[in-house]
Amino acid sequence: MHKNGIFNEIVIDVIPDFDDVKLGRDSDILDISYYEVNKRVIQRKTRRGNIVRIQRDEGNALRSGQCIYHQGDLFIQVNILPCLCVLFDSQNLSVVGEFCFDVGNRHLPVYLKADGRFAVSYDGRLYQALKEKYTGSIALENTILEPDEQITYIRRPILE
């Protein structure tokens, strides 16, 4: 913040590795939604009113708790906001496969939570369809969708 109470824009074009920085001090928080973690350009105010502009060519997905800026006493950390999610719980791999297929047909990302449940961001029509098809295995909850929980397809090279 400028001396006159006017906020300067903080431009972040490269996010360095701040793993060595001990956070928990007087840090500021940049709230983002789960679908913004891979965006190359984000501009908004932090909780304390600092204007932040992330403008990067490429890079890894932003993570909750990640320090994206440090100068002097100012630390800015990312916070991924919770969102309403459809959660699916099943130990039957065949049923899990069907669930992932049903969700995949809607081109929605599926997340595997630490407790073994699968999560998808809420969609009204999808929720009704899944609730009818997977009776007793579907729940609605507010949860954080972290990028490292997203299930992705990794194509392996064909060996000749």
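Conventions and cut-offs
- Residues numbered from 1 in each chain as written.
- Predicted model: local features only at pLDDT ≥ 70, side-chain atom pairs only at ≥ 80, totals over all residues.
- Heavy atoms only, no water.
- Phe/Tyr/Trp six-rings, centres within 6.5 Å; stacked < 30°, edge-to-face > 60°.
- Helix = DSSP H or I, 4+ residues; strand = E, 2+ residues; numbered from the N terminus.
- Buried < 20%, exposed > 50% of the residue type's maximum accessible area, 1.4 Å probe, protein only.
- Expected span 1.5 Å × (residues − 1).
- Polar contact = N/O pair within 3.5 Å; in protein donor to acceptor, adjacent residues only side chain to side chain.
- Contact = heavy atoms within 4.5 Å.
- Pairing = 2+ DSSP bridges.
- Axes fitted to C-alpha atoms, helices over the stretch in contact; angles between N-to-C directions.

Peer 1: If you had to explain the packing of aromatic side chains to someone new, which residues and values would you point to?
Peer 2: If you walk through the whole model with that rule in mind, you get eight aromatic pairs. Relative to Phe118, the ring of Phe99 has its centre 6.4 Å away and its plane inclined at 50 degrees; by these criteria the two rings are tilted. Taken together, the residues Phe99 in helix H1 (residues 93–104) and Phe118 in strand E9 (residues 118–121) connect sequence positions 19 residues apart. Each member of the pair, Phe99 together with Phe118, is buried. Grouping aromatic residues by their ring pairs yields a cluster made of Phe88, Phe99, Phe118 and Tyr134.

Peer 1: Now, about H1: what can you tell me, with residues and values included?
Peer 2: Between its terminal C-alpha atoms H1 stretches 16 Å, which fits the 16 Å expected from twelve residues at 1.5 Å a residue. The N-cap of H1, judged by a side-chain oxygen 2.9 Å from the amide nitrogen of Ser94 a few residues on, is Asn92.

Peer 1: Report on the side chain of Ser121, specifying residues and quantitative values.
Peer 2: As for its position among the elements, Ser121 is in strand E9. Setting aside chain neighbours within four positions, we find Ser121 in contact with Tyr34, Leu84, Cys85 and Leu145.

Peer 1: Could you give me a rundown of unusual backbone geometry, with the residues and numbers involved?
Peer 2: Non-glycine residue His107 carries a positive phi angle of around 60 degrees. Its location among the elements puts His107 in the loop between H1 and strand E8 (111–112). Residue classification places His107 among the exposed residues on the basis of a relative accessible area of 72%.

Peer 1: Any chance you could break down the sheet that holds strand E10 (residues 138–143) for me, citing the residues and the numbers?
Peer 2: Taken in spatial order, the four strands make up an open sheet running E8-E9-E7-E10, and their pairing is antiparallel. Strands at the two margins of the open sheet, each flanked by one partner only, are E8 and E10. Bridge count between strand E7 (residues 83–88) and E10: six bridges; the pairing is antiparallel. Within E10, the position partnered with Cys85 by the bridge is Glu141. Of the strands in this sheet, E7, E9 and E10 touch H1, which is tilted by about 15 degrees from E9. Sitting on the sheet, helix H2 (residues 124–133) touches E7, E9 and E10, and the angle it makes with E10 is about 140 degrees.

Peer 1: How would you sum up the pairing of E9? Please name residues and give values.
Peer 2: Residues of E9 alternate between two faces, with Phe118 and Val120 on one and Ala119 and Ser121 on the opposite face, all of them buried. Bridge analysis of E7 against E9 gives four bridges, and the strand direction is antiparallel. Considered in E9, the bridge of Phe88 is made with Phe118. Where E8 and E9 come together, two bridges link them in antiparallel fashion. Note on E9: the bridge partner recorded for Leu112 is Phe118. Linking two consecutive strands that pair antiparallel, namely E8 and E9, is a turn of five residues; a positive phi of about 90 degrees is found at Gly116 within it.

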